[in-house]
Amino acid sequence: MSSLNIGVLALQGDFREHIEATFACGNKATAIRRPDELQGLDGLIFPGGESTTIALLATSYQLFDPIREAIASGLPVYGSCAGMILLADRILDGAAGQKTFGGINMTVRRNAFGRQVESFEEDIDFVGKRVNGVFIRAPWVESVGAGVEVLATASGHPVAVRQGKLLATSFHPELTGDLSVHQYFFDEICR
Ligand code: GLN
């Protein structure tokens, strides 16, 4: 299978782990820090980290509007944890004035699973596969609107969702070495 050209937003957070997972799946991974680097991508990944910081840095790096436009034009995007928040059309418990790129018709509650010390791991079913979910100050999906498919749940809340070419997980597969979620994004969405 031909290798994909994947960009990983590299402003803050665990972008290195997503770059490694992308390489491990046999694809090319580029750290994205400038608007022109968004050209020619087959897909883009938003890492885990701090959604408020990533949104502020994206604005100062002049990436905010170009990323919104790329999403609107159909670029496949996967976001984990903070990346899920960045893909949400609506957020609860956000910082004052917190902006998201949006794209997925859902309401996401920030830090819903509790604080850093309440981080946990749980096996979850993700599209017919058992994956190890690592949740760190993780959001959950409070509600989804039309067009959103729920791919996994934990504690009764959606924790993996897809809308068209956009995929988001509350958990961090990039920290586990389990490539199932990345492989799903590359094979089912980017190809
Ligand atoms: N709570 C963080 C946020 O609001 C997300 C945490 C994470 O990515 N592990 O961005």
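1. Overview of the sheet that holds strand β11 (residues 157-163)
Next, step 1: Taken together, seven strands build an open sheet; the order of strands is β2-β1-β3-β4-β12-β11-β10 and the sheet is mixed. Either end of the sheet is taken by a strand with one partner, and the two such strands are β2 (28-32) and β10 (149-154). Averaged over all neighbouring strand pairs, the angle between strand axes comes to 20 degrees, with direction disregarded.
Next, step 2: With four bridges joining them, strand β4 (residues 77-80) and strand β12 (residues 166-169) adopt parallel strand pairing. Its bridge partner lying in β12, G79 is registered against A168.

2. Side note on the packing of aromatic side chains
Next, step 1: Applying the stated criterion across every chain yields a total of ten aromatic pairs.
Next, step 2: One aromatic cluster is present, built from ring pairs that chain together F113, F120, F135, W140 and F171.
Next, step 3: In this structure, K99 is placed above the aromatic ring of F64, and the distance from its NZ or CZ to the ring centre is 4.0 Å.

3. Section: the sheet that holds strand β6 (residues 104-109)
In sheet architecture, strand pairing relies on hydrogen bonds along the backbone and comes in two forms, parallel and antiparallel.
Next, step 1: Reading across the sheet, the three strands line up as β5-β6-β9 and stay open at both edges, with mixed pairing between neighbours. In the strand order of this sheet, the two ends are held by β5 (88-92) and β9 (140-144), each with one partner. Strand-to-strand twist of the sheet, defined as the mean angle between neighbouring strand axes without regard to direction, takes the value 30 degrees.
Next, step 2: Examined bridge by bridge, β6 and β9 share four bridges and lie antiparallel to one another. Following the sheet pairing, V108 is matched in β9 by V141.

4. Considerations on the side chain of Q98
Next, step 1: One can find Q98 in the loop between β5 and β6.
Next, step 2: Reaching out from Q98, the side chain makes a polar contact with the side chain of S51 at a distance of 2.9 Å.
Next, step 3: Among the polar contacts made by the side chain of Q98, one reaches the side chain of R110 at a distance of 3.5 Å.
Next, step 4: Not counting residues within four places of it along the chain, the set of residues in contact with Q98 comprises S51, T52, I85, I91 and R110.

5. Focus on the site of the ligand
Next, step 1: Lining the immediate surroundings of the ligand are G48, G49, E50, S51, C81, A82, I85, R110, N111, I136, R137 and H172.
Next, step 2: Note that an oxygen atom of the ligand is positioned 2.7 Å from one of the side-chain N or O atoms of R110.
Next, step 3: Separating a nitrogen atom of the ligand from a side-chain N or O atom of H172 is a distance of 2.9 Å.
Next, step 4: Against a free-state accessible area of 300 Å², the protein chains account for coverage of 97% of the ligand.
Next, step 5: Considering only residue class, the shell around the ligand consists of four nonpolar, five polar and three charged.

6. A word on the pattern of salt bridges
Next, step 1: Scanning all chains against the criterion turns up eight salt bridges.
Next, step 2: Linking R34 and E37 is a salt bridge whose minimum nitrogen-to-oxygen distance equals 3.8 Å.
Next, step 3: A salt bridge links E142 to R109, with the shortest nitrogen-to-oxygen separation between them at 2.9 Å. Here E142, found in strand β9, pairs with R109, found in strand β6; they are 33 residues apart in sequence, far enough to count as distant.
Next, step 4: The class for E142 is partly exposed, based on a relative accessible area of 35%.
Next, step 5: The structure contains a network of salt bridges with shared partners spanning R34, D36 and E37.

7. Details of the layout of surface pockets
Next, step 1: Reported here for the largest pocket is a volume of approximately 180 Å³.
Next, step 2: Along the wall of the largest pocket there are 15 residues; nearest its centre are G49, C81, I136, R137 and H172.
Next, step 3: Each residue belonging to the lining of the largest pocket can be placed in one class, and the counts come to five nonpolar, six polar and four charged.

8. Quick notes on the pairing of β6
Next, step 1: Bridge analysis of β5 against β6 gives four bridges, and the strand direction is parallel. What sits directly across from A88, in β6, is I104.

Conventions used here
- Residues numbered from 1 in each chain as written.
- Predicted model: local features only at pLDDT ≥ 70, side-chain atom pairs only at ≥ 80, totals over all residues.
- Heavy atoms only, no water.
- Pairing = 2+ DSSP bridges.
- Helix = DSSP H or I, 4+ residues; strand = E, 2+ residues; numbered from the N terminus.
- Axes fitted to C-alpha atoms, helices over the stretch in contact; angles between N-to-C directions.
- Phe/Tyr/Trp six-rings, centres within 6.5 Å; stacked < 30°, edge-to-face > 60°.
- Lys NZ or Arg CZ within 6 Å of the ring centre and 35° of its normal.
- Polar contact = N/O pair within 3.5 Å; in protein donor to acceptor, adjacent residues only side chain to side chain.
- Contact = heavy atoms within 4.5 Å.
- Near = heavy atom within 4 Å.
- Areas by Shrake-Rupley, 256 points an atom, 1.4 Å probe, with all protein chains shown as cover.
- Nonpolar A, V, L, I, M, F, W, Y, C, P; charged D, E, K, R; others polar.
- Salt bridge = Lys/Arg side-chain N within 4 Å of Asp/Glu carboxyl O.
- Buried < 20%, exposed > 50% of the residue type's maximum accessible area, 1.4 Å probe, protein only.
- 1 Å grid on protein atoms, 1.4 Å probe; cavity = no way out; pocket = protein on both sides within 12 Å on 5 of 7 lines; lining within 4 Å.
- Points joined across faces, edges and corners; volume = space filled by probe spheres on them.

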